[in-house]
Amino acid sequence: MTTTSTPHIDPKGVDIAETILLPGDPLRAKFIAETYFDDIRCFNEVRNMLGFTGTYRGRPVSVMGTGMGIPSISLYSYELIHHFGVKNLIRVGTCGAMQKNMDLYDVVIAQGASTDSNYLDQFNLPGQWAPLSSYRLLEQAKRIADERGQRTHVGNVLSSDVFYGADPDALGRWMKMGILAVEMESAGLFANAAAAGVDALAIFTVSDQIVTDAKTTPEERQTAFTSMIEIALELA
Ligand code: HPA
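Described in the following lines is the structure provided in the data block. All figures in this text were calculated on a predicted structure; none of them were measured in a lab. (Residues numbered from 1 in each chain as written. Predicted model: local features only at pLDDT ≥ 70, side-chain atom pairs only at ≥ 80, totals over all residues. Heavy atoms only, no water.)

**Observations concerning the overall build of the protein**
Part 1 of the reasoning: What the protein contains, in helices and strands, is 7 helices and 10 strands.
Part 2 of the reasoning: Its C-alpha radius of gyration of 17 Å places the protein within 12% of the 18 Å reference for a compact globule of 236 residues.
Part 3 of the reasoning: Seen through its C-alpha atoms, the protein measures out along the principal axes to roughly 50 × 40 × 30 Å.
Part 4 of the reasoning: When contacts within the protein are restricted to residue pairs at least 6 apart in sequence, those whose partners lie at least 24 apart make up 76%.
Part 5 of the reasoning: Here the protein has roughly 11,200 Å² of accessible surface; of this, 52% comes from carbon and sulfur atoms.
Part 6 of the reasoning: Computing the positive centroid from 19 side-chain charges and the negative centroid from 28, the protein places the two 2 Å apart. (Helix = DSSP H or I, 4+ residues; strand = E, 2+ residues; numbered from the N terminus. Rg over C-alpha atoms; globule rule 2.2 N^0.38 Å. Contact = heavy atoms within 4.5 Å. Areas by Shrake-Rupley, 256 points an atom, 1.4 Å probe, with all protein chains shown as cover. Lys, Arg positive; Asp, Glu negative; His and termini not counted. Charge placed at Lys NZ, Arg CZ, Asp CG, Glu CD.)

So this is what it looks like as structure tokens:
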């Protein structure tokens, strides 16, 4: 199924693995590849949205930045699925915790991703569709996290189109529906994966606590992501 290049991905003959980790920041993709992969090859530099393929414990795996927001992750994940045959797409990112019992650096695994985006409208469904992650990947990630003694929260996240929202009460209404955390991409990823019959998951590190207003620093973030990334890599 491999296409040679798409509008946003030009691998110049480098393979893209069936399993890919998807951080928002392309420099984090480079960091993950350089820290964890053997036999690294760069497969994308278009718009500096860096992508790398290598091996992790002998198994082929790729990593690529997605940019921020549902439009950005959706176009990259569409091309990865439909033109390059990617089958397991695992978003790794940060989120804002929306429940009191959550601490900075806790890991959140998205079982579902509610959204205020219109992205799902294009599927023309006669009702509200619930974007869910792959149960197979979810169950494996939870088991790996438990084995590592990593504290996790599993449930519904909010993929929001707005970071600086005009309605100060909006997040509170989502909190009352049990939303664990806010981020900006997973609903688009889960919808694309479901429409194509492939598997997707999203794993986050809590970078800010919206209820208590606690925040991590950019330096702290870089190192705190290790646990989340290692859980994701074990899925390859
Ligand atoms: N909002 C949206 N996305 C985020 C946040 C947030 O507060 N924190 C980390 N990613």
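**Description of the nonpolar core**
Part 1 of the reasoning: Counting 34 residues, the largest nonpolar core has Ile9, Ile16, Ile20, Met64, Leu80, Leu89 and Val108 as the members making the most contacts within it.
Part 2 of the reasoning: Among the elements of the structure, β1 (19-22), α2 (70-84), β5 (88-97), β6 (107-115), α5 (186-196) and β9 (199-209) are those that each provide at least two residues to this core.
Part 3 of the reasoning: Looking at which element gives the most residues to this core, the answer is α2, with 6 residues.
Part 4 of the reasoning: Ignoring sequence-local partners within four residues, the contact set of isoleucine 20 consists of Phe43, Ser62, Val63, Met64, Leu80, Val86, Asn88, Leu89 and Ile90.
Part 5 of the reasoning: Formed by 30 residues, the second largest nonpolar core is a distinct cluster that contains Val63, Ala145, Met228 and Ile231. (Core = buried A, V, L, I, M, F, W, Y, C linked by side-chain atoms within 4.5 Å. Buried < 20%, exposed > 50% of the residue type's maximum accessible area, 1.4 Å probe, protein only.)

**Describing the site of the ligand**
Part 1 of the reasoning: Neighbouring the ligand are the residues Thr94, Cys95, Gly96, Phe163, Val182, Glu183, Met184, Ser207, Asp208 and Ile210.
Part 2 of the reasoning: Within the contact set of the ligand, a nitrogen atom lies 3.5 Å away from a backbone nitrogen or oxygen of threonine 94.
Part 3 of the reasoning: When the ligand sits alone it has 260 Å² of accessible area, and the protein chains cover 84% of it.
Part 4 of the reasoning: When contributions to the shell around the ligand are tallied by element, the ones reaching two or more residues are β5, β8 (181-183) and β9. (Near = heavy atom within 4 Å. Polar contact = N/O pair within 3.5 Å; in protein donor to acceptor, adjacent residues only side chain to side chain.)

**A few points about the pattern of salt bridges**
Part 1 of the reasoning: Per the stated rule, a full pass over the model turns up 13 salt bridges.
Part 2 of the reasoning: Here arginine 57 ties to glutamate 234 by a salt bridge, and the two come within 2.4 Å at their closest N and O atoms. A residue pair is termed long-range when its members are at least 10 positions apart, and arginine 57 in the loop between β3 (51-56) and β4 (59-64) and glutamate 234 in helix α7 (residues 226-234) qualify at 177 residues.
Part 3 of the reasoning: Residue arginine 57 is classed as exposed on the basis of its relative accessible area, which comes to 59%.
Part 4 of the reasoning: Given the relative accessible area of 25%, glutamate 234 is considered partly exposed.
Part 5 of the reasoning: A salt bridge links aspartate 167 to arginine 173, with the nearest nitrogen and oxygen atoms 3.1 Å apart.
Part 6 of the reasoning: Overall, the relative accessible area of 35% leaves aspartate 167 in the partly exposed class. (Salt bridge = Lys/Arg side-chain N within 4 Å of Asp/Glu carboxyl O.)

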